[in-house]
Amino acid sequence: MAVKVIIPTPLRHYAGKQESVDLDAKTVGEALGSLTAQFGELKRHLYSEEGKLRSFVNVYVNDEDIRYLQKEKTALQQGDTISIVPSIAGGLN
Amino acid sequence: MATQVEQAAKAAGLSNEEVLRYSRHLIMPEVGMDGQLKLKKAKVLLIGSGGLGAPLGLYLAAAGVGRMGIVDFDTVDFTNLQRQVTFGTSDVGRKKLEAARERLSNLNPEIRIDTYETRLTSENALDIIREYDIVADGTDNFPTRYLVNDACVLTGKPNVYGSIFRFEGQASIFGYPGGPCYRCLYPEPPPPGLVPSCAEGGVLGVLPGIVGCIQAMETLKLILGNGQPLVGRLLLFDALRMRFRELKLHKNSDCPMCGEHRTINKLIDYAEFCGIRGEEKETPVSSEIPEITPKELKARLDRGDDLFILDVREPHEYQICNLHGHLIPLGDLPKRVSELDSSREIVAHCRSGKRSADAVQFLSKAGFRKVWNLKGGILAWSDEVDPSVPKY
């Protein structure tokens, strides 16, 4: 399924400065796998060393949080938009 | 002379001055006298009087929120003026609370402003927040965000949330009865250093202006009971594309804070939670990073010592000012390390000394034995050696 992954500003540096990436994938997991295969540096920002999605990064298919769908097994439809939404706090760390 | 009845009516209502001041509210059926009185009785606490706090404070004061509290311990800095529009150039060096109080009181002398010149902590948060109906979070760091969230959930106060980064913003309302809290969205904070700050990431000043205004709007809607508030909705704003998107926020039934089985019943150590204190304990090597001060560097260069200056900033920073160093941005260092000669003495610098400390640590681990960090970066160089170098 042709889907678009929206890259949030803090992570664009690791995705070749792109705002969004078009991919072909059947599930969210596949899409993120494809994304991190294309952009290796993105992997550590999205996944922990154990290979789990980091908890300060949320992933949405269209407007739904995948934690309330089938997580990384969530099936994708043609034209879906996957949003990666990390927590941001401006200012200082 | 006003009779007791007239006085009582006035006390329950608005003075003639207030009627005139708020006339544009009063002529709207959605607000009217009832709505304005709700605003007058409302008590809103602003956490932070910075980029987000500026429009929040200004618009809530303008709207006639009867009581506002502001928590901030900071002093107005020249670099704040690009976005913190409560302040003027003449306020640089003053306490933010003092300058904010003056500005907001001038805008609207009818309202009560209480200031809390303190850092919000686990010790004081509950007591301060309890006095208010709504909290507007305009803070700039993760530990405080979690603290504010938890304190709001524990005291039952809605938390109007806004945050920004570069050209993006987020807004929502957490802690509304039946709605999600911040931990439902982000159970854990990012480890320190993974998400850049405004000082490192930069921000277009008007962005917190827009997001803060959205927060002010949501606060007013909560007070008035109008419209659909951002409860269970995460508003995402992309300023470059000028697009708003919305994502659904679910209340997490397993949330340790607001879920069915709460496991967090009191405020915790948020610095530890965010890994900040932990990092200090785990990396004592940060205090062992070899350093050279700007004066020492100048002395060695004047002596003719063969030092290699490595600048680990970004190209656009190099354009602002530089020490004619060899530029390898920190993020590129791992793949460009072959450009460096480990037999030479290398002094690494950045803007303030933080990124270059990381560079020195990286190079040391890679086997470089003669690397030093320029303490305080090019900012310190400007302060101590060459004031003609602009600070930024």
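Everything numeric here is computed off the predicted structure, so don't read it as measured data. (Residues numbered from 1 in each chain as written. Chains lettered and ligands numbered in written order. Predicted model: local features only at pLDDT ≥ 70, side-chain atom pairs only at ≥ 80, totals over all residues.)

**Some details on the sheet that holds strand β9 (residues 291-292) of chain B**
Ordered by their spatial adjacency, five strands build an open sheet running β9-β13-β12-β10-β11 (chain B), and the pairing between neighbours is parallel. With one partner strand each, in any of the chains shown, β9 and β11 (326-327) of chain B form the two edges of the open sheet. (Pairing = 2+ DSSP bridges. Helix = DSSP H or I, 4+ residues; strand = E, 2+ residues; numbered from the N terminus.)

**A few points about the packing of helix α5 (residues 53-63) of chain B against helix α6 (residues 96-107) of chain B**
Residues and elements named next belong to chain B. For the pair α5 and α6, the least separation of the axes is 9 Å and the interaxial angle reads 30 degrees. Judged by the angle between their axes, α5 and α6 are roughly parallel. In this structure, α5 meets α6 at a crossing whose hand is right-handed. Seen from α5, the contacting residues are Gly57, Leu58, Ala61 and Ala62; seen from α6, they are Ala100, Leu104 and Leu107. (Axes fitted to C-alpha atoms, helices over the stretch in contact; angles between N-to-C directions. Parallel < 35°, antiparallel > 145°, perpendicular 65-115°, else oblique. Left-handed = near helix turned anticlockwise from the far one by under 90°. Contact = placed C-beta atoms within 7 Å.)

**With respect to helix α18 (residues 377-384) of chain B**
Within α18(B), burial applies to B:Gly377, B:Ile378, B:Ala380 and B:Trp381. Within α18(B), the buried residues cover an arc of 155 degrees as seen down the axis, which keeps them to one side. (Buried ≥ 20, exposed ≤ 12 C-beta atoms within 10 Å, placed from the backbone. Arc of directions from axis to C-beta.)

**Structural notes on the packing of α5(B) against helix α11 (residues 206-224) of chain B**
Residue and element names in this part refer to chain B. At their nearest, the axes of α5 and α11 sit 7 Å apart, and the two run at 40 degrees to each other. Handedness of the crossing formed by α5 with α11: right-handed. Facing Gly53, Ala54, Pro55, Leu56, Tyr59, Leu60 and Ala63 of α5, the residues of α11 in contact are Gly209, Gly212, Cys213, Gln215, Ala216, Thr219 and Leu220.

**Concerning the environment of A:Ile84**
Residues and elements named next belong to chain A. As for its placement among the helices and strands, isoleucine 84 is situated in strand β5 (residues 81-86). A sequence separation of 52 residues divides isoleucine 84 from leucine 32, and the C-alpha atoms of the two residues are 9.7 Å apart. When near neighbours in sequence (up to four residues on either side) are disregarded, isoleucine 84 contacts Val5, Ile6, Ile7, Pro8, Leu11, Val57 and Val59.

**Overview of the domain arrangement of chain B**
Parsing chain B into structural domains produces domain 1 (42-280) and domain 2 (288-384). Here the C-alpha centroids of domain 1 of chain B and domain 2 of chain B sit 37 Å apart. (Domains from an automatic or database assignment.)

**Re the nonpolar core**
Residue and element names in this part refer to chain B. Core analysis: the biggest nonpolar cluster contains 74 residues, and Val44, Leu45, Val65, Met68 and Val135 have the highest contact counts within it. If near-sequence neighbours (up to four positions away) are discounted, leucine 45 is found in contact with Gly69, Val71, Ile128, Ile129, Tyr132 and Val135. Counting residues in hydrophobic clusters, the runner-up holds 19 residues, among them Val312, Ala359, Phe368 and Trp372. (Core = buried A, V, L, I, M, F, W, Y, C linked by C-beta atoms within 7 Å.)

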